[in-house]
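Summary of the model geometry
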Amino acid sequence: MDNVDILGRKVFFVTPPNSLVTEEFLETFFAHGYEVYVVENDDGHSMKDKIEHIVRLYPGSMIFCYIDREVAGVDWKGFISDLQRAHGADCLFGVVHDKRADEREDRKIKEYYQFEAGVRCGCVPLEKDNKVNFDRFEQIFELNGALGRRKLIRVICDESSFATLRIGSMTVRAKVLDVNMSHFSCDLTGKNIDFSIYDKVLGASLIINGMHFETDTVLIMKRDKSGVNMHIFMFTQPDGTPELVGEKRANLNHKLYQVIARKFKIQLRSSFD
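Let me begin by describing the structure that accompanies this report. Values in this document were obtained by computation on a predicted structure and should not be read as measured data.

Digging into the overall build of the protein chain
Check the secondary structure of the protein chain and you find seven helices and 12 strands. Along the first, second and third principal axes, the C-alpha atoms of the protein chain reach 70 × 40 × 30 Å. Burial analysis of the protein chain (273 residues in total) assigns 47% to the buried set. If you take every contact in the protein chain between residues at least 6 apart in sequence, the share linking residues at least 24 apart comes to 66%. As displayed, the protein chain offers around 14400 Å² of accessible surface, 48% of which is attributable to carbon and sulfur atoms. Between the averaged position of the 37 positive side-chain charges in the protein chain and that of its 41 negative side-chain charges there is a distance of 3 Å.

Some details on the packing of helix α3 (residues 47-57) against helix α4 (residues 76-87)
α4 packs onto α3 with a crossing angle of 25 degrees between their chain directions and a minimal axis gap of 12 Å. As the angle between them shows, α3 and α4 are arranged roughly parallel. The interaxial crossing formed by α3 with α4 has right-handed handedness. Together, Met47, Lys48, Ile51, Glu52 and Val55 of α3 and Phe79, Leu83 and His87 of α4 make up the contact between the two elements. When the residues that make up the contact of α3 with α4 are grouped by side-chain class, the tally is five nonpolar, one polar and two charged.

Focus on the sheet that holds strand β1 (residues 11-14)
Here five strands make up an open sheet; going across it, the order is β2-β1-β3-β4-β5 and the pairing parallel. Each edge of the sheet is formed by a strand with only one pairing partner; in this case those strands are β2 (36-39) and β5 (123-126). Averaged over neighbouring strand pairs, the angle between their axes works out to 25 degrees when direction is ignored. Examined bridge by bridge, strand β4 (residues 92-98) and β5 share four bridges and lie parallel to one another.

Digging into the packing of aromatic side chains
Under the defined criterion, the tally for this structure stands at 24 aromatic pairs. Ring geometry for Tyr112 and Tyr113: centres 5.0 Å apart, planes at 85 degrees, overall edge-to-face. For Tyr112, a relative accessible area of 18% translates into the label buried. An aromatic cluster is present here, built from Phe13, Phe25, Phe29, Tyr34, Phe64, Phe134, Phe137 and Phe141 joined pairwise through their rings. Positioned above the aromatic ring of Tyr112 is the side chain of Lys77, whose terminal nitrogen or guanidinium carbon lies 4.9 Å from the ring centre. Its guanidinium or amino end placed over the ring of Phe162, Arg173 lies 4.0 Å from that ring's centre, counting from NZ or CZ.

Some words on the nonpolar core
The tendency in soluble globular proteins is for nonpolar side chains to be buried side by side. Within the largest apolar cluster, 82 residues are counted, with the highest numbers of intra-cluster contacts made by Phe137 and Phe141. Considering every element that reaches this core, the biggest residue donor is helix α7 (residues 246-270), with seven residues. The residues contacting Phe137, other than those within four sequence positions of it, are Phe13, Leu20, Phe25, Phe29, Phe64, Val96, Val124 and Leu126.

Let's talk about the pattern of salt bridges
Counting across every chain of the model gives 12 salt bridges. Between Arg69 and Glu40 there is a salt bridge, with its nearest N and O atoms 3.8 Å apart. A residue pair is termed long-range when its members are at least 10 positions apart, and Arg69 in the loop between β3 (62-66) and α4 and Glu40 in the loop between β2 and α3 qualify at 29 residues. The shortest N-O distance in the salt bridge between Lys108 and Glu105 comes to 3.7 Å.

Parameters and conventions
- Residues numbered from 1 in each chain as written.
- Predicted model: local features only at pLDDT ≥ 70, side-chain atom pairs only at ≥ 80, totals over all residues.
- Heavy atoms only, no water.
- Helix = DSSP H or I, 4+ residues; strand = E, 2+ residues; numbered from the N terminus.
- Buried < 20%, exposed > 50% of the residue type's maximum accessible area, 1.4 Å probe, protein only.
- Contact = heavy atoms within 4.5 Å.
- Areas by Shrake-Rupley, 256 points an atom, 1.4 Å probe, with all protein chains shown as cover.
- Lys, Arg positive; Asp, Glu negative; His and termini not counted.
- Charge placed at Lys NZ, Arg CZ, Asp CG, Glu CD.
- Axes fitted to C-alpha atoms, helices over the stretch in contact; angles between N-to-C directions.
- Parallel < 35°, antiparallel > 145°, perpendicular 65-115°, else oblique.
- Left-handed = near helix turned anticlockwise from the far one by under 90°.
- Nonpolar A, V, L, I, M, F, W, Y, C, P; charged D, E, K, R; others polar.
- Pairing = 2+ DSSP bridges.
- Phe/Tyr/Trp six-rings, centres within 6.5 Å; stacked < 30°, edge-to-face > 60°.
- Lys NZ or Arg CZ within 6 Å of the ring centre and 35° of its normal.
- Core = buried A, V, L, I, M, F, W, Y, C linked by side-chain atoms within 4.5 Å.
- Salt bridge = Lys/Arg side-chain N within 4 Å of Asp/Glu carboxyl O.

Okay, structure coming up:
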């Protein structure tokens, strides 16, 4: 589990209610550094097969099953008990359910899944206020090391991603290698321009997987890696404060979550081939 300690845990909600796991809900978790995905009952593969593929592809993950949705061939009590017995050493399982009008019913659900089945991420009764639900899940994620040692999720950029950087009278166009919500790296191999650490680059123009925006940046690191002259820049505001804000931040967060969510869907689909 060394990778979990460093990279954290991926989180999966299995057949969650649409009222809970909205696009905003998922993207807010991403902005906080968590990788959170949805597993739907939406194709020809059984839910059991899907989860077993997730366990194999992403060991150490946290998997929350929403038990108030009917799924063909799934009896949630037996299904989750079997998963816990078979894969409880590899992944962390939890249960999500609608909050019952009678608190005794909530206690019965908790007693079965947490104490009899042995799920380690507990039972979460959903409130009508999604902010309460978000805070509760974030606490569970934090307690179980879902962040690892990283603070933000790094996304590898596609071949269309470039940065146009100007310093003094010189301009350079460089391939963007990866990006997160605070930094990006680019390849300046063979470029006839010499940046110094802490050089400010005002109005840098970036294209990240098809999304264009301009921002101020500052160079914080240079290094050679496998023959690549890598320069790492930090996003800044006009006053030098180190972060993106407002619409730029929201748009980049949306774009980066789209990229990792698409990658997950492709990986899961390919695992059945």
